[in-house]
Amino acid sequence: MIMTLNQAVRSALNNEMEKNDKIVLLGEDIGKSGGVFRTTEGLYDKFGSKRVIDTPLNESGIVGTAIGMALYGIKPVVEIQFMDFVFPAFDQIVSDLAKFRYRTGGAYSCPVVIRMPYGGGIKGGSYHSQSGETYFVHTAGLKVIIPSTPYDTKGLLISAMRDEDPVIFFEPKRFYRSIKEDIPEESFTIPIGKANIIEEGNDVTVISYGATMQTVKEATSIIKEEGINPEVIDLRSLSPLDSDTILQSAKKTGRVVIVHEAPKTLGMSAEISALISENCLEYLEAPIQRVAGLDTPFPYTLEKQYLPDVNRIYKKIKLTVEYT
């Protein structure tokens, strides 16, 4: 069945709610209105108000309630309207959600899934466009997933809902409706922590995830016309990170470009660059290059200048390949 990314989210939620009556959805306006992006549309009518719960505008309360539910055997799936709104709940996530398994010596897990639309591309300005994934990757005890396609979104979200640990699930909102794929209507899973090699090549490794994967594909399609064969990796999971795939590719090509729309400083590209430098230095034939968002608040009128575009990615790939 052809689905958008938005529909893939809804399909995953619907499939798992049919199979597991312990799954409960919580979030602001997710009930009758179907959420701000309509990702839960129709689920309230199908499963009722006890399983699709409209909450007050209180992110700390939403996540705190979900933690309590999870400790009593319920499987809460939380929707935060925009990633930018999660910070009032940050203490609950970092101090409690992420640490229950550790604090109890493995006696208790806290399997909450927190879904969050993230990133730019919709002219949302400073409070509706941020990419804060590294806050959560930095926190031990959380799994962090960012899919880039409808197929991966459904398979990874189902895996997240079946996981016994807390999962932060970012959704690239600018592609909710603009990307379509043929996806099975039935349930399927994609392993958490396994990157996807979208394209195999020998000349340069290009690593990205989430929303910027589409831009990377455009840039690499241009570079291929010049006889350069890139290896393109979609990380899909940031924590756990598929270090083996990254390192094997870096050793094979000797040249690496990393792309994300989050700010450059302490972004995922910094960690991946360090990982490669520590393990593959003798294989590298060029400095690792990064293409990222700017170290500024997310702008409104200059959104296109902030986000990595095809030209910036293309130039870094060329620079890397031509370095001698």
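Predicted, not measured: the structure shown is a model, and the values here were computed from it.

Running from N to C, helix α1 (residues 5–19) and helix α7 (residues 150–162) point in directions that differ by 30°, and their axes come no closer than 8 Å. Taken as axis vectors, α1 and α7 run roughly parallel relative to one another. Read as a crossing pair, α1 and α7 show a hand that is right-handed. Contact residues: α1 offers Leu5, Ala8, Val9, Ser11, Ala12, Leu13, Asn15, Glu16 and Lys19, while α7 offers Pro150, Thr153, Lys154, Leu157, Ile158, Met161 and Arg162. Of the residues in the contact of α1 with α7, the class split is 9 nonpolar, 3 polar and 4 charged.

Here we come to the nonpolar core. One finds Ile93, Ile114 and Ile276 to be the most contacted residues of the largest nonpolar core, which totals 49 residues. Looking at this core, the elements that each hand over two or more residues are β2 (23–27), α3 (59–71), β5 (113–118), β7 (167–172), α9 (243–253), β13 (256–263) and α10 (268–280). Among the elements that line this core, the one with the most residues is α3, at 6 residues. Among residues more than four places away in sequence, those in contact with Ile276 are Ile207, Ile246, Leu247, Ala250, Val256, Leu281, Leu284 and Ile288. With 30 residues, the next largest nonpolar core counts Phe37, Phe47, Val113 and Tyr176 among its residues.

Further remarks concern the pattern of salt bridges. The tally for this structure, following the rule as stated, stands at 15 salt bridges. A salt bridge links Lys46 to Glu18; the nearest nitrogen and oxygen atoms lie 2.4 Å apart. In this pair, Lys46 is assigned in helix α2 (residues 43–47) and Glu18 in helix α1, connecting sequence segments 28 residues apart. Where Arg174 meets Glu261, a salt bridge forms, and the shortest distance between an N and an O atom there is 2.5 Å. Of this pair, Arg174 sits in the loop between β7 and β8 (180–182) while Glu261 sits in strand β13; the two residues are 87 residues apart in sequence, bridging distant segments of the chain.

Moving on to the pairing of strand β10 (residues 204–208). Burial analysis of β10 places 5 of its 5 residues in the buried class, which makes it a mostly covered element. Handedness of the crossover joining β10 and strand β11 (residues 230–234) through helix α8 (residues 212–224) is recorded here as right-handed. Taken together, the 3 bridges between β10 and β13 define a ladder with parallel strand orientation. Within β13, the residue paired with Val206 across the bridge is Val257.

Here we come to the packing of α9 against α10. Put simply, α9 and α10 touch, their axes get as near as 10 Å, and they point 60° apart. In terms of axis orientation, α9 runs oblique to α10. Crossing hand, α9 versus α10: right-handed. From α9, Ser243, Ile246, Leu247, Ala250 and Lys251 reach across to α10, where they touch Ile272, Leu275, Ile276, Asn279 and Cys280. Across the contact of α9 with α10, the residue classes break down as 7 nonpolar, 2 polar and 1 charged.

It is worth spelling out α1 at this point. Along its 15 residues, α1 runs 21 Å from first to last C-alpha, staying within 8% of the 21 Å computed at 1.5 Å per residue. Counting buried residues along α1, 12 of its 15 residues qualify, which places the element largely inside the surrounding structure. When we look at burial in α1, the residues that qualify are Leu5, Asn6, Ala8, Val9, Arg10, Ser11, Ala12, Leu13, Asn14, Asn15, Glu16 and Met17.

Another aspect to go through is the sheet that holds β13. What the 5 strands build is an open sheet, ordered β9-β11-β10-β13-β14; its pairing is mixed. The sheet is open, and its two edges are formed by β9 (196–199) and β14 (289–293), each paired on a single side. The sheet shows a mean angle of 25° between the axes of neighbouring strands, taken without regard to direction. Bridging between β13 and β14 involves 4 bridges; their strand directions are parallel. Considered in β14, the bridge of Pro263 is made with Gly293. Set on the sheet, α9 makes contact with β9, β10, β11 and β13; between it and β10 the angle comes to about 155°.

With the rule as written, the count across this model stands at 11 aromatic pairs. Taking the centre distance of 5.4 Å and the plane angle of 65° together, the rings of Phe37 and Phe82 count as edge-to-face. Taken together, the residues span a long stretch of sequence, with Phe37 in the loop between β2 and α2 and Phe82 in the loop between β4 (75–79) and α4 (90–96) at a distance of 45 residues. Both residues of the pair, Phe37 and Phe82, belong to the buried class. With 5.5 Å between their ring centres and 85° between their planes, Phe87 and Tyr135 make a pair best called edge-to-face. Remark: Tyr135 occurs in helix α6 (residues 133–137) and Phe87 occurs in the loop between β4 and α4; sequence separation between them is 48 residues.

Parameters at a glance
- Residue numbers run consecutively from 1 along every chain, following the written order of its sequence.
- Predicted model: local features are reported for residues with pLDDT of at least 70 only, side-chain atom pairs are reported and counted for 80 or more only, and whole-chain, interface and lining totals are derived from all residues.
- Note that the side-chain values use all heavy atoms of the structure and ignore hydrogens as well as water.
- As a rule, the C-alpha atoms of each element are fitted with a line to give its axis, helices using only the stretch in contact, and angles between N-to-C directions run from 0 to 180 degrees.
- Helix and strand assignments follow DSSP, with helices taken as H or I runs no shorter than four residues and strands as E runs no shorter than two, numbered in order from the N terminus.
- Angles below 35 degrees are treated as roughly parallel, those above 145 as roughly antiparallel, those between 65 and 115 as roughly perpendicular, and all remaining angles as oblique.
- Handedness of a crossing is defined here by the sense of rotation of the near helix relative to the far one, left-handed for an anticlockwise turn of less than a right angle and right-handed for a clockwise turn.
- Whether two residues are in contact is decided by their heavy atoms: any pair within 4.5 Å suffices.
- Residues are grouped as follows: Ala, Val, Leu, Ile, Met, Phe, Trp, Tyr, Cys and Pro are nonpolar; Asp, Glu, Lys and Arg are charged; all remaining types, including Gly, are polar.
- As used in this record, nonpolar core signifies buried Ala, Val, Leu, Ile, Met, Phe, Trp, Tyr and Cys residues forming a set joined through side-chain atoms within 4.5 Å.
- Type-normalised accessible area, obtained with a 1.4 Å probe on protein chains alone, sets the label of each residue: buried when under 20%, exposed when over 50%, and partly exposed for intermediate values.
- We define a salt bridge as a side-chain nitrogen of Lys or Arg found within 4 Å of a carboxyl oxygen belonging to Asp or Glu.
- We call a crossover right-handed when, viewed with both strands directed away from the observer, the connection leading from the first strand over the helix to the second proceeds clockwise.
- Two strands qualify as a pair provided DSSP detects at least 2 bridges between them.
- How far a helix is expected to stretch is found by multiplying one less than its residue total by 1.5 Å.
- Stacked, tilted and edge-to-face are the three classes applied to pairs of Phe, Tyr and Trp rings, where Trp contributes its six-membered ring and a pair requires centres within 6.5 Å; stacked means planes under 30 degrees apart, edge-to-face means over 60, and tilted covers the rest.

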